[in-house]
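Read off the chains here:
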Amino acid sequence: MSCFGSSAISAAKERYLQNKPEWTEDQKIIVRNTWETILKNSSLSKFGDDVFVSFFEVDPDAKELFLFMRSRENPLESTDYKDHIHSFAKHLGMFIEVSDDDAKFEKMNRQLGRLHDSLFSIRITYSDNDARIHSKMNYHFEKSERSVALAVKNGIGNEFNNDVDIAWIAFYRLCLYYIMDEIDICVNPPVIQRRSMLQC
């Protein structure tokens, strides 16, 4: 893991790492089947947009984690935003595709976690506000759970029920479990010279 300065594990991360989420074989089938329905009824970009519009509504501070949400009049219309939501949904689909191989599923999620860790560590000049936002990053990840479930509901309509809700939350929590384990949270990062505008 890479991090400037000292690091700490947030309460959300600590809770995730203490109790590995369970995603049962029956739940895997539910997620695979509903994902197929979503792709038939909609698109990756529509699913990603549903997730992030809801996410930013329930957790406005999370906008500060994304460079494309800063200093723009209409950030949700930007190419960067559209690329990000498509990439988010595409990665979920990739994880679902390998869900019958636990080792591959874990490896792919950890790779994504390491990517996020490296981007968060080098991308910007830190201010006091940046330090505050990034120290809560795992809290933001946790808040995104319900937004994913809402996007699933939008994508499958009347097929959505409690079993589907639970299955998707279990899937997403397991993804976050591996991703969070690879991300170091900077509590007191030093002010460094801006050298990259990489998108997360």
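Residues numbered from 1 in each chain as written. Predicted model: local features only at pLDDT ≥ 70, side-chain atom pairs only at ≥ 80, totals over all residues. Heavy atoms only, no water.

## Examining the nonpolar core
Counting residues in hydrophobic clusters, the biggest one holds 44 residues, and the most contacted among them are Phe47, Phe52, Phe66, Phe95, Phe105, Trp168 and Phe171. Among the elements of the structure, α2 (25–41), α3 (44–58), α4 (79–97), α5 (102–122), α7 (137–156) and α8 (162–181) are those that each provide at least two residues to this core. Dropping the residues within four chain positions of it, phenylalanine 95 is found in contact with Phe105, Met108, Asn109, Leu112, Phe171 and Cys175. (Core = buried A, V, L, I, M, F, W, Y, C linked by side-chain atoms within 4.5 Å. Buried < 20%, exposed > 50% of the residue type's maximum accessible area, 1.4 Å probe, protein only. Helix = DSSP H or I, 4+ residues; strand = E, 2+ residues; numbered from the N terminus. Contact = heavy atoms within 4.5 Å.)

## A word on the packing of α3 against α4
Think of two packed helices as two axes; the pair is described by the angle between the axes and how far apart they sit. Contact geometry of α3 with α4 gives a least axis separation of 8 Å together with a crossing angle of 105°. Between α3 and α4, the angle is such that the two are roughly perpendicular. Packed against α3, whose contacting residues are Leu44, Ser45, Phe47, Gly48, Asp49, Val51, Phe52, Val53 and Phe56, the element α4 presents Tyr81, His84, Ile85, His86, Phe88, Ala89, Lys90 and Leu92 at the interface. (Axes fitted to C-alpha atoms, helices over the stretch in contact; angles between N-to-C directions. Parallel < 35°, antiparallel > 145°, perpendicular 65-115°, else oblique.)

## Describing the pattern of salt bridges
Oppositely charged side chains can pair when the atoms bearing their charge come close. Going through the model one piece at a time under the given rule, you end up with nine salt bridges. Of the charged contacts in the structure, one is a salt bridge between glutamate 182 and arginine 110, with a shortest N-O distance of 2.8 Å. Taken together, the residues span a long stretch of sequence, with glutamate 182 in the segment after α8 and arginine 110 in helix α5 at a distance of 72 residues. Among the ionic pairs, arginine 173 bridges to glutamate 145, the shortest N-O distance being 3.0 Å. Pair noted here: arginine 173 is in helix α8 and glutamate 145 is in helix α7, with a separation of 28 residues, a long-range link. For glutamate 145, a relative accessible area of 6% translates into the label buried. Counted as one network, the salt bridges with shared partners bring together Glu106, Arg110, Arg114, Asp181 and Glu182. (Salt bridge = Lys/Arg side-chain N within 4 Å of Asp/Glu carboxyl O.)

## Here's the deal with the confidence of the model for the protein chain
Per-residue pLDDT for the protein chain averages 79, and the proportion of residues at 70 or more is 71%. Taken as a whole, residues 186–200 scores under 50 in pLDDT and shows 48 contacts with residues more than four places along the chain or in a different chain. (pLDDT = per-residue confidence, 0-100.)

## Things to note about the environment of valine 51
In this fold, valine 51 is placed in helix α3. Distance in space between the C-alpha atoms of valine 51 and arginine 146 is 8.7 Å, their sequence separation being 95 residues. Here valine 51 is in contact with Phe88, Ser147, Val148 and Ala151, once residues within four sequence places are set aside.

## A short note on the side chain of serine 147
By the secondary structure assignment, serine 147 is in helix α7. A distance of 3.1 Å separates a polar side-chain atom of serine 147 from the backbone nitrogen of phenylalanine 55. When neighbours within four sequence positions are excluded, serine 147 is seen to be in contact with Val51, Ser54, Phe55 and Val58. (Polar contact = N/O pair within 3.5 Å; in protein donor to acceptor, adjacent residues only side chain to side chain.)

## Some remarks on the packing of aromatic side chains
Counting across every chain of the model gives 14 aromatic pairs. Between the aromatic rings of tryptophan 23 and phenylalanine 171, the centroid separation amounts to 5.0 Å while the plane-to-plane angle is 40°, which identifies the pairing as tilted. Placement of tryptophan 23 in the loop between α1 (11–18) and α2 and of phenylalanine 171 in helix α8 is noted, with a sequence separation of 148 residues between them. Residues tryptophan 23 and phenylalanine 171 agree in their burial class; the two are buried. Measuring from centroid to centroid gives 5.1 Å for phenylalanine 52 and phenylalanine 88, while their planes differ by 85°, and the two rings are edge-to-face. Placement of phenylalanine 52 in helix α3 and of phenylalanine 88 in helix α4 is noted, with a sequence separation of 36 residues between them. As far as burial versus exposure is concerned, phenylalanine 52 and phenylalanine 88 are alike and both buried. (Phe/Tyr/Trp six-rings, centres within 6.5 Å; stacked < 30°, edge-to-face > 60°.)

## Some points on the packing of α4 against α8
It is at 12 Å that the axes of α4 and α8 come closest, and there the two elements cross at 100°. Relative to α8, α4 is oriented roughly perpendicular. Facing α4, whose interface residues are Phe88, Leu92, Phe95 and Ile96, α8 presents Trp168, Phe171, Tyr172 and Cys175. Looking at side-chain class alone, the contact of α4 with α8 contains eight nonpolar, no polar and no charged residues. (Nonpolar A, V, L, I, M, F, W, Y, C, P; charged D, E, K, R; others polar.)

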